[in-house]
Every structure is written in structure tokens, then in C-alpha cells.
Amino acid sequence: MPYVMVQIPKTPAPSSPAPRSVPTSADVARLAGVSRATVSYVLNNTSAVRISEPTRRRVHEAAKELGYVPHAAARSLRAGHSRLVLMPAPRFPVGPLYSQFISELQWALGRLDYTVVQYGSVGVHGDEAARAWAELRPVAVLVPGPGSLGPQGVTVLKRSGARAVVTLGPNSVDGAHALLMDHEAVGHCAGSHLFDRGRRRIGVVVPEEEGLESFSLPRLEGVRRALHGTDAAVTELPLAYEEESAARLAARWRGLDLDAVFAYNDEYAMLLMRALQDGGVRVPEDTAVIGADDLMLGRLLRPRLSTVHIELPSGRDLAELVDRAVRNPGAAPETHKVLGATVVHRESS
């Protein structure tokens, strides 16, 4: 069988389009019919120079048409510092209440022309983490949770250009602004409420999830403090946030002889309450249940869940604290006690 060789002509590769040049502030100025300085004043929200509203509108429309955005690094060089606020990701499970607080804080900082960046790291803690944060040259760092930062870490951050370091936790750190969160008060409220309702054999849920000890142990201590010197007894109840773990605890509930439980927060309270009811334990007749956080879902249960309403700091107030510290980095660190706690009594207790 004869074979015929056929030569297939090479098809030239399609030429890639020439890369478009990156638009500059000069391009925006030409399109808007203003000076480059005016473009800078408008896009950097400079309040020291008065710019008419029509001019601002023309600049914004020109920047949008060209796809121009200000260069953050260049703006930082001109200002002598960045507008970057770094928020290390918390090392503990985050619930709805904390997420709402963080969202409000980010919105408030954005209104003050800061850029918020959440920084996630695995296996890096304390001063080692501070060195990693410092590499990004933030103007401010907000550190959630206890034990995440020490005085040396604060020094590292400040030497790298951070004008404000703020910690959110039970203890202050030398050199940093502090929002002190009193979780003992949450447990004290819950324990006092159950005692006042006539309960004397009170269990306290301590979550087994890693990272929650800094919240759960002070809450346990708050219950003990509320019941100190009374005829009430406190039983610690380890519980994982799993249906199986709650079912195992409910199965031995009658043997524990408890008539009330503070379940750490609303999520653990709902988990445990369902397991108790499935096991034939009546709420509140056999066991009163109270949580914390005052989540909407707790109001939809039957019986409705009693809870401790927690008043977190205002995101707007914290943003203003950051802004004050950035504008006056030499001022003495501020310390504020936050986290108000009040009982919301419903049917479950």
C-alpha cells in the first residue's frame, strides 16, 4: 500500500494584543480637565483642601472610565506611613456575635479611609507572629485573644512603623492600647440568675474545642464566684460541639443529678438542650438551661432560650481609638474595660 507524504503548513501563532499601559493620575487629570494635585486631593479624600462637588464628580468619573486606582505604596511614601490596619485571624472558633463586631469595625475603619487586611497564619504565635505582621508595614495592628502578643512583639511592630497596637482580651500588654474583656462577668451573671431561680446543682459547660479556654475558664470561674459561700454546687461539664458528644452527656445526665446548666454560649446551649430533650429531660422542669450571646435562633426555640446578653465594644468606637493613636502615636496607651453582661430571662430557665 503506497504512502503519500503531505506537508502541513505551519499556522502562525496569533499575535497577543499589546499590553495596555497602566493609567496614571496624569491621564485622569487630562480627562477631567484638572491638575494632578486635584486628582490626588480628591482620590485620597484630603480634607485640608476644599474641592467643589462638580470637580470631585468629574475626577471620580474619569478615574472610573480609565480604570485608575491610587497606588497604595506611593501614597504611603508621601504620607510617611501606610493606611493599612492588620487584623490577625483569631486562633479560636469565631461565632456570629464576634463576626458581627468585626464587620462593623471593618466598615468603620473603611469610613476613616483605612484598608483592613485580615492576616492568617498557621503555627506562628507571639513575637514570631509579630515579626511576620511587621513585614507588611501596617500603620495599626488589632490583636484578638489573649497570649497572642507580648511586650517585645509590641516593640517590633512599633519599630517597623506601626503607630497603634491594640489588644482585645482579658489582660493588657505593655506598650499597647487594651480593650479588656471580662468573661468572668458573663459567668457571674449566669450563675447568679440560676441561683436566684432556686437552682442549687449547677453544671457549667466547658467546650473541648481548642482556643476557647481563654473564654470558657473565666466564665466557669465567674459562676463559682457567684455561688461562693452559698449551698449551691458547681459541676464542670466538658463538651465538644458535636451531636454525639451532647448525646453522651445527656445519656448520663440523671446520674449527674443537676437541676441547671450554664452552657457557655447559645450555640452549646441549643446543642445540649436538644440532646437533653431527646433523652427525656424536661427543660426547665428537670433542668434549667441558660446560654450567652443572645442569638436570634435562641428566641425561636421552644422553650425559648434564656441567655446572657453581651455588650461588645462598638466597632465605631474602636475605629476612632485606632485613628486617634495613628494621629498621635506618642500618646500614652489607653485601657478600656468592655464586655457588659446582662441576663435575658426566658422560658428555658
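Residues numbered from 1 in each chain as written. Predicted model: local features only at pLDDT ≥ 70, side-chain atom pairs only at ≥ 80, totals over all residues. Heavy atoms only, no water.

Enquirer: What am I meant to see in the overall build of the protein chain here?
Expert: Each helix and strand counted, the protein chain has 14 helices and 12 strands in total. By the burial criterion, 46% of the 349 residues in the protein chain qualify as buried. Looking at the protein chain alone, contacts between residues at least 24 apart form 72% of all its contacts between residues at least 6 apart. Accessible surface for the protein chain amounts to roughly 19100 Å². Of this, 52% is attributable to carbon and sulfur atoms. (Helix = DSSP H or I, 4+ residues; strand = E, 2+ residues; numbered from the N terminus. Buried < 20%, exposed > 50% of the residue type's maximum accessible area, 1.4 Å probe, protein only. Contact = heavy atoms within 4.5 Å. Areas by Shrake-Rupley, 256 points an atom, 1.4 Å probe, with all protein chains shown as cover.)

Enquirer: What is the right way to read unusual backbone geometry from this model?
Expert: Excluding glycine, residues mostly have negative phi values, and the peptide bonds linking residues are mostly trans. Residue Pro284 is reached from Val283 by a cis peptide bond, and omega for that bond is 10 degrees. In this fold, Pro284 is placed in the loop between helix H12 (266-278) and strand E9 (288-290). In this chain, Arg302 is followed by Pro303 through a cis amide linkage whose omega measures 0 degrees. Of note in this structure, Asp294 is not a glycine but carries a positive phi near 55 degrees. Mapped onto the elements, Asp294 comes out in the loop between E9 and helix H13 (296-300).

Enquirer: Where do I start with a nonpolar patch on the surface in this structure?
Expert: On the surface, a nonpolar cluster with roughly 330 Å² of combined accessible area is contributed by Met296, Leu297 and Leu300. For Met296, the location among the structural elements is in helix H13. (Patch = residues over 30% accessible without salt bridge, like charges linked within 9 Å, V, L, I, M, F, W, Y side chains within 5 Å. Salt bridge = Lys/Arg side-chain N within 4 Å of Asp/Glu carboxyl O.)

Enquirer: Can you walk me through the pattern of salt bridges in this structure?
Expert: Taken as a whole, this structure holds 13 salt bridges when the rule is applied. When the shortest N-O distance is used, the salt bridge between Arg30 and Asp27 registers 2.4 Å. Of this pair, Arg30 and Asp27 both sit in helix H1 (residues 25-32), three residues apart, roughly one helical turn. Residue classification places Arg30 among the exposed positions, given a relative accessible area of 61%. One salt bridge in this structure joins Asp231 and Arg200, with 3.1 Å as the shortest N-O distance. With a gap of 31 residues between them, Asp231 in the loop between helix H9 (213-227) and strand E7 (233-239) and Arg200 in the loop between helix H8 (183-196) and strand E6 (201-207) connect regions that are remote in the sequence.

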